[in-house]
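# Analysis of the macromolecular model
Here is what each chain is made of, one letter per residue.
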Amino acid sequence: MKHIRRFRRMAALGMTAALLTGCWDRSELNDLALVMAAGFDQAESGRILLSAQIYVPKAGGSGQDRSKGSAQGQTMVKTVEGETLADAIGNLQMQLSREIFWGHGEVFIFGEERARNGIEKDLNLLLHARQLRERANIYVSKGKAAEILRLAPRLERDSAESLREMSRLNKVPDVTMVKLLSMLSGAESTAVLPYIQVRRSQPGTPSNQTSPYFVGSAVLKEGRLVGLLDIQATRGLLWLKNENKDAIFTSDIAGSKGKVSMWIINHHTTLVPSIREGKWSVDAHIESKSNLLQSTSGGDVMDPEWIRRAEMGASEEIENSVRSALEKAQKTYRSDIFGFGELFRRHYPSQWRAVQKNWNDVFSGIDVRVHVRTRLKRPGVTNDSIPY
């Protein structure tokens, strides 16, 4: 019996010891270099420049290795060159004392020159890399992406966080890595990314103590940057794609020199494709409901006739932005950024298959009829204005 009891105690101790052991392949936090964002630029040699924004556990930095890295706030930026993106990542690892960890990376920026040369090969590696966040946001920058990463905005921890917050609040395309892949592999092989640049710093402040801001959208066709949309055309694009966020917009009012500013509270866009006698067309029905924020027209905002003219002005403003986007996409870039190809593929599969190979030619000739209906729901609680 003694031997049996001793054996049981030994077995129990053995099982307890097994439960106390850790994972043999674990990575401790203090052994990892957390990449918060990354930028991809074209080097003069034709190779790739990889810039990684890396989290610094304690505030500030040593300031060492200023030629290849910079430290500010809670992050530092390291830039390396490589034959390919994979080669550049390997070169970056050789310059760091910690293992690179991509699991916290939420922002990826392609410099304009790199985007014009094509991003598909870089994107393929990112999509197959382990640890990577598929919901990371993608941008194209005017100039070098590294310049965006080195900014030190005063309101946020770093430029990557500043971009994420602005994407959430502003009227720009919200494009993640998964969404970008879906667009490029779709029937149209096109995509639209937010286009950003560096805002000038305030007088008397360091040049990097500023933030990036949105100046429009970048149009990609088969993985290459082919053109840009300004803010007005970008708004038109978002109206057509039913992705316009609740925001403020300002329009003229018929019969008045003043302006009307409204807050969009609800909107919906319906696209109806049609093929009749060989002619392809799309009817875009846009409905918007808004609240009045400000009027400088001097009219009575409670007057039904004034409300009607304000709604007409708002509808005209929306239609103009949509027309601006259509003109750029159909005539200038010949790129279906609206998803019309997928729309016709679902409704007219046999006709779509017949023109699939020369879809850009068909797309450029599609007749798009825009129907906008705007409703001003709350003009305010009074029609009184401040006397002058």
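For the structure, see preceding data.
Residues numbered from 1 in each chain as written. Predicted model: local features only at pLDDT ≥ 70, side-chain atom pairs only at ≥ 80, totals over all residues. Heavy atoms only, no water.

Moving on to the pattern of salt bridges. For the coordinates displayed, the defined rule picks out 17 salt bridges. A salt bridge links Glu-112 to Arg-116, with the shortest nitrogen-to-oxygen separation between them at 3.2 Å. Of this pair, Glu-112 and Arg-116 both sit in helix α3 (residues 112-117), four residues apart, which is roughly one turn of that helix. Connected through shared salt-bridge partners, Arg-47, Glu-81 and Glu-83 make up one network. (Salt bridge = Lys/Arg side-chain N within 4 Å of Asp/Glu carboxyl O. Helix = DSSP H or I, 4+ residues; strand = E, 2+ residues; numbered from the N terminus.)

With that out of the way, let us pick up the packing of helix α2 (residues 85-94) against helix α4 (residues 120-128). At a minimum axis distance of 9 Å, the contact between α2 and α4 shows a crossing angle of 60 degrees. The orientation of α2 with respect to α4, classified from their angle, is oblique. Every residue of α4 that contacts α2 at Leu-85, Ala-86 and Ile-89 is listed here: Asp-122, Leu-125 and Leu-126. Counted by class, the contact of α2 with α4 contains five nonpolar, no polar and one charged residues. (Axes fitted to C-alpha atoms, helices over the stretch in contact; angles between N-to-C directions. Parallel < 35°, antiparallel > 145°, perpendicular 65-115°, else oblique. Contact = heavy atoms within 4.5 Å. Nonpolar A, V, L, I, M, F, W, Y, C, P; charged D, E, K, R; others polar.)

Right, let's get into unusual backbone geometry. A positive phi angle, near 60 degrees, is found at Asn-242, a position not held by glycine. Overall, the relative accessible area of 31% leaves Asn-242 in the partly exposed class. Its identity is not glycine, yet Arg-334 carries a phi of approximately 50 degrees, on the positive side. Mapped onto the fold, Arg-334 is located in the loop between α9 (304-332) and α10 (340-347). (Buried < 20%, exposed > 50% of the residue type's maximum accessible area, 1.4 Å probe, protein only.)

This part is about the nonpolar core. Residues Trp-306, Phe-338, Phe-340, Trp-359 and Ile-366 are the most contacted members of the largest nonpolar core, which totals 44 residues. At the level of elements, α8 (231-240), β12 (259-276), β13 (279-295), α9, α10, α11 (349-355), α12 (359-364) and β14 (367-378) are the ones that each hand at least two residues to this core. With nine residues, α9 is the largest single contributor of residues to this core. Aside from chain neighbours lying at most four places away, what touches Trp-359 is Glu-188, Trp-280, Asp-336, Phe-340, Gly-341, Phe-344, Trp-352 and Ile-366. Ranked by size, the runner-up nonpolar core spans 37 residues in total, among them Ala-33, Trp-102, Ala-218 and Leu-225. (Core = buried A, V, L, I, M, F, W, Y, C linked by side-chain atoms within 4.5 Å.)

Moving on to the pairing of strand β9 (residues 212-221). Extensive coverage of β9 is indicated by the burial of seven of its ten residues. Across nine bridges, the pairing between strand β8 (residues 190-198) and β9 is antiparallel. Looking at β9, one finds that Val-198 is bridged to Pro-212. Two strands pair when backbone bridges link them, and β9 and strand β10 (residues 224-229) are joined in this way by five bridges, in the antiparallel orientation. Counted as the bridge partner of Val-219 is Gly-227 from β10. Between the end of β9 and the start of β10, which pair antiparallel, lie two residues, with Glu-222 showing a positive phi angle near 55 degrees. (Pairing = 2+ DSSP bridges.)

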